[in-house]
Amino acid sequence: MTAKAADRLKSDGWKVADTTGFLTLIGPLWERLTDGALELALITEDKHHNRRGLVQGGVIMTFADRACGMAARFVSGKPTLATVQLDTHFVEAGKIGEILTTRPRVVRSTRSLIFITAEVMVEKRCIAMANGVFKILKNES
């Protein structure tokens, strides 16, 4: 199923996103630009399951956090941001083998904070909503 899903994403213009650290355990994550907006995707696999055999909520939250943070980085042009707050509301369960997608949207941007909202979708079905606040950090040298 994973290879077939990956082929589908590739044919729809997605590419594997560069990740390091913890995110390599969750991913691979996929990304693409559509109409100037960043989209991310995750093919759910057996490693993502909870005790009920559904997608673990922490995976969905990590996916939403990464997507919102990348969108904040993309719109701000700043390389270093930190999550200040992330509120996640679970709407419906995700099933293993499904492809999660999100297209985060900037709600407001100031000199130091970026407010972002995102819906985590499986096709046209919303499974989670997230709202995040991201702090623009000074570049570390």
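This one's a predicted model, so the numbers in the text were calculated from it and none came from an experiment.

### Topic: the state of the cysteines
Note on terminology: disulfide describes a covalent bond linking the sulfur atoms of two cysteines.
Stage number 1. One pass over the full model with this rule turns up zero disulfides.
Stage number 2. Cys126 supplies the cysteine sulfur nearest to Cys68, a cysteine that is in no disulfide, at a spacing of 12 Å.
Stage number 3. Residue Cys68 is classed as buried on the basis of its relative accessible area, which comes to 0%.
Stage number 4. Classification of Cys126 by relative accessible area gives buried; the value is 18%.

### Focus: the pairing of strand β8 (residues 125–136)
Stage number 1. When strand β4 (residues 81–90) meets β8, the two strands line up antiparallel, connected through nine bridges. The residue of β8 that forms the bridge with Phe90 is Ala128.
Stage number 2. Pairing of strand β7 (residues 113–122) with β8 involves ten bridges; the strand directions are antiparallel. What sits directly across from Thr117, in β8, is Asn131.
Stage number 3. Counted between consecutive antiparallel strands, the loop separating β7 from β8 contains two residues, among which Glu123 sits at a positive phi close to 55°.

### Re a nonpolar patch on the surface
Stage number 1. On the surface, a nonpolar cluster with roughly 290 Å² of combined accessible area is contributed by Leu33, Phe74 and Val75.
Stage number 2. Mapping Leu33 onto the fold places it in strand β2 (residues 29–34).

### Some details on helix α1 (residues 2–11)
In an α-helix there are 3.6 residues to a turn, and that puts residues three or four apart on one side.
Stage number 1. Residues of α1 that are buried include every one of Ala5, Ala6 and Leu9, and no others. Along the axis of α1, the buried residues cluster in a sector spanning 100°; they form a single face. Counted as exposed and oriented over 90 degrees from the buried face of α1: Ala3, Lys4, Lys10 and Ser11.
Stage number 2. Against the buried residues of α1 lie β2, β3 (37–43) and β5 (99–102).
Stage number 3. Immediately beyond the C-terminal end of α1, within one or two residues, lies Gly13, with a positive phi of roughly 90°.

### Describing the nonpolar core
Stage number 1. Core analysis: the biggest nonpolar cluster contains 20 residues, and Leu29, Leu42, Ile60, Phe63, Leu100 and Val120 have the highest contact counts within it.
Stage number 2. Secondary-structure elements contributing two or more residues to this core are α2 (23–26), β3, α3 (57–76), β7 and β8.
Stage number 3. The leading source of residues in this core is α3, at six residues.
Stage number 4. The residues contacting Ile60, other than those within four sequence positions of it, are Val55, Phe90, Leu100, Val120, Ile127 and Ala128.

### Describing the pairing of β7
Stage number 1. Among the ten residues in β7, seven count as buried, and that is most of the element.
Stage number 2. In terms of strand pairing, strand β6 (residues 105–109) meets β7 through four bridges, oriented antiparallel. Directly across from Arg108, in β7, lies its bridge partner Phe115.
Stage number 3. Counted between consecutive antiparallel strands, the loop separating β6 from β7 contains three residues.

### Some thoughts on the environment of Leu33
Stage number 1. Judged by its relative accessible area of 53%, Leu33 falls in the exposed class.
Stage number 2. When sequence neighbours within four positions are dropped, the list of residues in contact with Leu33 reads Leu38 and Phe74.

### Things to note about the environment of Thr2
Stage number 1. Within the secondary structure layout, Thr2 lies in helix α1.
Stage number 2. Judged by its relative accessible area of 35%, Thr2 falls in the partly exposed class.
Stage number 3. If we skip the residues at most four places from it in the chain, Thr2 touches Ile43 and Glu45.

Calculation criteria
Residues numbered from 1 in each chain as written. Predicted model: local features only at pLDDT ≥ 70, side-chain atom pairs only at ≥ 80, totals over all residues. Heavy atoms only, no water. Disulfide = S-S within 2.5 Å. Buried < 20%, exposed > 50% of the residue type's maximum accessible area, 1.4 Å probe, protein only. Pairing = 2+ DSSP bridges. Helix = DSSP H or I, 4+ residues; strand = E, 2+ residues; numbered from the N terminus. Patch = residues over 30% accessible without salt bridge, like charges linked within 9 Å, V, L, I, M, F, W, Y side chains within 5 Å. Areas by Shrake-Rupley, 256 points an atom, 1.4 Å probe, with all protein chains shown as cover. Salt bridge = Lys/Arg side-chain N within 4 Å of Asp/Glu carboxyl O. Arc of directions from axis to C-beta. Contact = heavy atoms within 4.5 Å. Core = buried A, V, L, I, M, F, W, Y, C linked by side-chain atoms within 4.5 Å.

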